[in-house]
Amino acid sequence: MTHLWLALHLPRLPLEAHAPWPSPSAVVEYGRVLIGDEAAWRAGVERGIGVAAARALSPGIALLARDLQREDTAMRTLACWAGSLAPRVVV
C-alpha cells in the first residue's frame, strides 16, 4: 500500500493564532518582531527588528506577545480537521 503525505507549513501561525487582531500588528518574542501582518510589513516592520524600531516605523502598531498555548490550540484544531480527511494525523 502506498501512503500519501500532506505537510502543512504555517509560517503565519503565531499571528493567526491571535485572530482577529488589530492592524497593523506584529507578534513579538524576546523583544524582537517574529512576524507582522501586511500593514506592518508595508510600514517597514520586518522579522528580527526590536520593539522600539517597530513602534518608530509604525506608531499605531499593536505588539502582541507570542502565545504558544494559543498556537498549540490552533494546531490541534487543524489536526482535528485533518482527521476528517485522513485516518492518521501527526502534529
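Residues numbered from 1 in each chain as written. Predicted model: local features only at pLDDT ≥ 70, side-chain atom pairs only at ≥ 80, totals over all residues. Heavy atoms only, no water.

What follows is about the side chain of H18. Checked against the element boundaries, H18 lands in the loop between helix 1 (13–16) and strand 1 (25–29). Judged by its relative accessible area of 11%, H18 falls in the buried class. With residues near it in sequence (within four places) discarded, H18 still touches V27, L64, A65, D67 and R70. (Helix = DSSP H or I, 4+ residues; strand = E, 2+ residues; numbered from the N terminus. Buried < 20%, exposed > 50% of the residue type's maximum accessible area, 1.4 Å probe, protein only. Contact = heavy atoms within 4.5 Å.)

Following the criterion strictly, the structure yields five salt bridges and no others. When the shortest N-O distance is used, the salt bridge between E16 and R12 registers 3.3 Å. By relative accessible area, R12 is classed as partly exposed at 31%. With a closest N to O distance of 2.7 Å, R66 and E71 form a salt bridge. Three or more residues joined by partner-sharing salt bridges are found here, namely E29, R66 and E71. (Salt bridge = Lys/Arg side-chain N within 4 Å of Asp/Glu carboxyl O.)

The next thing to look at is the environment of R12. With respect to the helices, strands and loops of the structure, R12 is situated in the segment before helix 1. Separated by 22 residues in the primary sequence, R12 and L34 place their C-alpha atoms 9.5 Å from one another. Leaving out residues up to four positions away in the same chain, R12 has contacts with W21, I35, G36 and D37.

Burial of strand 3 (residues 62–65) is one-sided: the residues A62 and L64 facing one way are buried, the residues L63 and A65 facing the other way are not. In terms of strand pairing, strand 1 meets strand 3 through four bridges, oriented parallel. Bridging across to strand 3, S25 finds its partner in A62. (Pairing = 2+ DSSP bridges.)

Looking at the secondary structure, you find S58 in the loop between helix 3 (51–57) and strand 3. Every residue in contact with S58, bar those within four places of it in the chain, is listed here: P24, A43 and V45.

The next point concerns the layout of surface pockets. Volume-wise, the largest pocket comes out at about 750 Å³. Of the residues assigned to the lining of the largest pocket, the class counts are 15 nonpolar, one polar and one charged. (1 Å grid on protein atoms, 1.4 Å probe; cavity = no way out; pocket = protein on both sides within 12 Å on 5 of 7 lines; lining within 4 Å. Points joined across faces, edges and corners; volume = space filled by probe spheres on them. Nonpolar A, V, L, I, M, F, W, Y, C, P; charged D, E, K, R; others polar.)

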